[in-house]
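Residues per chain are reported as follows:
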Amino acid sequence: MAVESSSSTWSQRFEEGLHPAIERFNASIGFDITLLQHDLDGSIAHARMLASTGVITAEEAEQLVVGLEQVRSEAAAGQFNPGLDDEDVHFAVERRLIAILGPLGKKLHTGRSRNDQVGTDLRLWLRGQIDAIDSALVRFERALLDQAEAHAEVMIPGYTHLQRAQPICLAHHLLAYVEMAERDRARLRDLRKRVNICPLGAAALAGTPVPIDRRHTAVALGFDDVYANSLDAVSDRDFAVEFSAAASLVMVHLSRLSEEVILWASEEFSFVKLTDRCATGSSLMPQKKNPDVPELVRGKCGRVFGHLQGLLVMIKGLPLAYNKDFQEDKEALFDAVATTLACLEAMAILFEEGLQFRPERLEAAVGSDFSNATDVADYLVAKGVPFREAYQLVGGLVKGCLQEGILLRDLPLERWQQLHPGFEADIYEAIHPRQVVAARRSEGGTAFDQVRLQLGRARVRLEGVA
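Residues numbered from 1 in each chain as written. Predicted model: local features only at pLDDT ≥ 70, side-chain atom pairs only at ≥ 80, totals over all residues. Heavy atoms only, no water.

Asker: Please explain the overall build of the protein chain as it appears in this structure.
Answerer: Within the protein chain, the regular secondary structure consists of 19 helices and six strands. In summary, the protein chain has a C-alpha radius of gyration of 31 Å against a globular reference of 23 Å for 466 residues, an excess of more than 25%. Seen through its principal axes, the protein chain has C-alpha atoms that stretch 100 × 55 × 40 Å. Within the protein chain, buried positions represent 50% of all 466 residues. Restricting to contacts in the protein chain with at least 6 residues of sequence separation, those with at least 24 account for 76%. Carbon together with sulfur atoms contributes 53% to the accessible area of the protein chain, which is approximately 21,800 Å² in total. (Helix = DSSP H or I, 4+ residues; strand = E, 2+ residues; numbered from the N terminus. Rg over C-alpha atoms; globule rule 2.2 N^0.38 Å. Buried < 20%, exposed > 50% of the residue type's maximum accessible area, 1.4 Å probe, protein only. Contact = heavy atoms within 4.5 Å. Areas by Shrake-Rupley, 256 points an atom, 1.4 Å probe, with all protein chains shown as cover.)

As structure tokens, this is what we get:
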């Protein structure tokens, strides 16, 4: 590929090339080559727009398009390998185009700047990545739903403050994460609307006297609208911050679930078994099986959170309009996207084939504590006892049971009736864990019939989603 000297990048004002160390420091080609396909798409749309407004001829536009498609073909064949002296992907493409077409290639940059060009490329790229993350979220949700449906009649201890609170349906627990993922999808859909605004045509900062048609390129590139203010168009990075915030919440949800899986897989809980597909061993202790997937997901949150903080700090003091600081947005976004996608895929695989719930252990767990104490109070409330009075009575009863080392289910009926005459033989059914779960039929509750409705609604939501 023919290249010019580094000093020829700039106007005649410059007499010398960059210091080699500054050239390396200044260049972004090492990472913004990621935007190559989007840069080519934007350039093709720009060339055709220039022809439509009479700035160049239709024949010139088509020659430019052919040249740009040649660059695309060379890249696919591994023959387009720009170096540091190209500085960034935009100059790399333009230089190669000039080498292919001669002076005609120099017309492509008419009516635009790298400032609006990079903003366009980045939005085109991020738009596609948001769609990819949405698909990854759907796969993750389906993996959770499959497990939930397979365990719709299984119970698990429900916790508050990491203390056993009330027994719940295991499917209900998993569905909570499906709801979180749906909120993540909704946030990304909303964000995509703001990503899908075209800055092309804002030029460096003030627009251009060249008779361009901004809406022509916007429509060609699939944008919904154009920026109303040229200064804002080239300096807006709100969408990058918004994406990082949305990605951070995705990671928060994955991390919370990861922490639970790590606990569930421990010997102390033993609620799940890790399969060999998603676990590793110890280099020293032959008995170990480690929950590497959820541990890594939990740890990778810091990367995405850090990118959010870095972007906020990067833009907080920038005057209008474009500043070189904006070069720092790309690596942050690229890594935030890659990390989020990788973690979603890993967690989906974990729930597809990396763990097995242990229903027998879960059933035993919900029957060996006092998480049915609230139901004793509710039983008395149904008999007309004020809740606070019932609450105090049951609290004293639990205290006595703890001192005696017995559970509520072990108390003879006489003891119940000594506590309050409203107790009858049906108290044993009322405090059975399965009945405790089944009784919570309020909308959105953990009752088995309510959970079946929730599972059905969740499946319907995902019908037809690719």
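On we go from here.
Asker: Sorry, what's going on with the pattern of salt bridges here?
Answerer: Should their charged atoms come close, side chains of opposite charge can pair. If you walk through the whole model with that rule in mind, you get 39 salt bridges. Put simply, Glu69 and Arg72 hold a salt bridge, and the shortest N to O gap is 2.9 Å. Placement of both Glu69 and Arg72 in helix α4 (residues 58-76) is noted, with a separation of three residues, approximately one turn of the helix. Arg440 is paired through a salt bridge with Asp378; the nearest N and O atoms lie 3.9 Å apart. Taken together, the residues Arg440 in the loop between α18 (433-438) and α19 (448-462) and Asp378 in helix α14 (residues 373-382) connect sequence positions 62 residues apart. By relative accessible area, Asp378 is classed as partly exposed at 35%. (Salt bridge = Lys/Arg side-chain N within 4 Å of Asp/Glu carboxyl O.)

Asker: Just checking my understanding: could you explain the packing of helix α6 (residues 114-150) against helix α12 (residues 328-354) for this structure?
Answerer: The relative placement of two packed helices is expressed as an angle between their axes plus a distance between the axes. At a minimum axis separation of 8 Å, α6 and α12 run at an interaxial angle of 15°. Classified by the angle between their axes, α6 and α12 sit roughly parallel to one another. The handedness of the crossing between α6 and α12 comes out as left-handed. Of the residues contributing to the contact of α6 with α12, the split by class is 20 nonpolar, three polar and five charged. (Axes fitted to C-alpha atoms, helices over the stretch in contact; angles between N-to-C directions. Parallel < 35°, antiparallel > 145°, perpendicular 65-115°, else oblique. Left-handed = near helix turned anticlockwise from the far one by under 90°. Nonpolar A, V, L, I, M, F, W, Y, C, P; charged D, E, K, R; others polar.)

Asker: Any chance you could explain α6 here in plain terms?
Answerer: Residues that lie three or four places apart on an α-helix share one face, since the helix turns once every 3.6 residues. Helix length check: α6 (37 residues) gives 54 Å between terminal C-alpha atoms against 54 Å at 1.5 Å per residue, within 8%. Extensive coverage of α6 is indicated by the burial of 27 of its 37 residues. Measuring from the side-chain oxygen of the N-cap residue of α6 to the backbone nitrogen of Asn115 gives 3.0 Å; that N-cap residue is Ser113. (Expected span 1.5 Å × (residues − 1). Polar contact = N/O pair within 3.5 Å; in protein donor to acceptor, adjacent residues only side chain to side chain.)

Asker: So what exactly am I meant to see when it comes to the packing of aromatic side chains here?
Answerer: Where two aromatic rings form a pair, the distance of their centres and the angle of their planes describe that pair. Scanning the entire structure with this criterion turns up eight aromatic pairs. Between Phe269 and Phe271, the ring centres sit 5.3 Å apart and the planes meet at 85°, which makes this aromatic pair edge-to-face. Their ring planes at 55° and their centres at 5.0 Å tell us that Trp416 and Phe423 sit as a pair that is tilted. Overall, Trp416 belongs to the buried group, its relative accessible area being 0%. Across from the ring centre of Phe223, 5.3 Å away, lies the NZ or CZ of Arg127, which sits over that ring. The ring of Tyr391 has Arg388 lying over it, and the distance from NZ or CZ to the ring centre is 4.6 Å. (Phe/Tyr/Trp six-rings, centres within 6.5 Å; stacked < 30°, edge-to-face > 60°. Lys NZ or Arg CZ within 6 Å of the ring centre and 35° of its normal.)

Asker: I'm lost on the environment of Arg358 in this one. Help?
Answerer: Here Arg358 shows up in the loop between β6 (355-357) and α13 (359-366). Spatially, the C-alpha atoms of Arg358 and Val154 are 9.5 Å apart, while their sequence positions differ by 204 residues. Leaving out residues up to four positions away in the same chain, Arg358 has contacts with Ser270, Phe271, Val272 and Lys273. A distance of 3.5 Å separates the side chain of Arg358 from the backbone oxygen of Ser270, its partner in a polar contact.

Asker: What am I meant to see in the confidence of the model for the protein chain here?
Answerer: As a note on interpretation, predicted positions should not be read in detail where pLDDT is low. Within the protein chain, residue pLDDT values average 95, and 97% of them lie at 70 or more. Per-residue pLDDT stays below 50 along residues 1-7; that stretch engages in 18 contacts with residues further than four places along the chain or on separate chains. (pLDDT = per-residue confidence, 0-100.)

Asker: What exactly am I supposed to notice about the pairing of strand β1 (residues 155-160) here?
Answerer: Along a regular strand, successive side chains alternate from one face of the sheet to the other. As judged from the six bridges shared by β1 and strand β2 (residues 163-169), these two strands associate in the antiparallel manner. Looking across to β2, one finds that Ile156 is bridged to Ile168. What sits between the antiparallel neighbours β1 and β2 is a turn of two residues, in which His161 has the positive phi angle 60°. (Pairing = 2+ DSSP bridges.)

Asker: Is there a simple way to explain the side chain of Gln327 in this structure?
Answerer: By the element assignment, Gln327 lies in the loop between α11 (292-315) and α12. Once residues lying within four places of it in the same chain are set aside, the contact partners of Gln327 are Phe25, Asn26, Ala27, Ser28, Phe31 and Tyr322.

Asker: Is there a simple way to think about unusual backbone geometry in this case?
Answerer: Residues Leu320 and Ala321 are joined by a peptide bond in cis, for which omega reads 10°. Residue placement: Ala321 occurs in the loop between α11 and α12. Backbone geometry places Ser270, a non-glycine residue, at a positive phi of 55°. Mapped onto the fold, Ser270 is located in the loop between α10 (238-264) and β5 (272-274). For Ser270, a relative accessible area of 9% gives the class buried.

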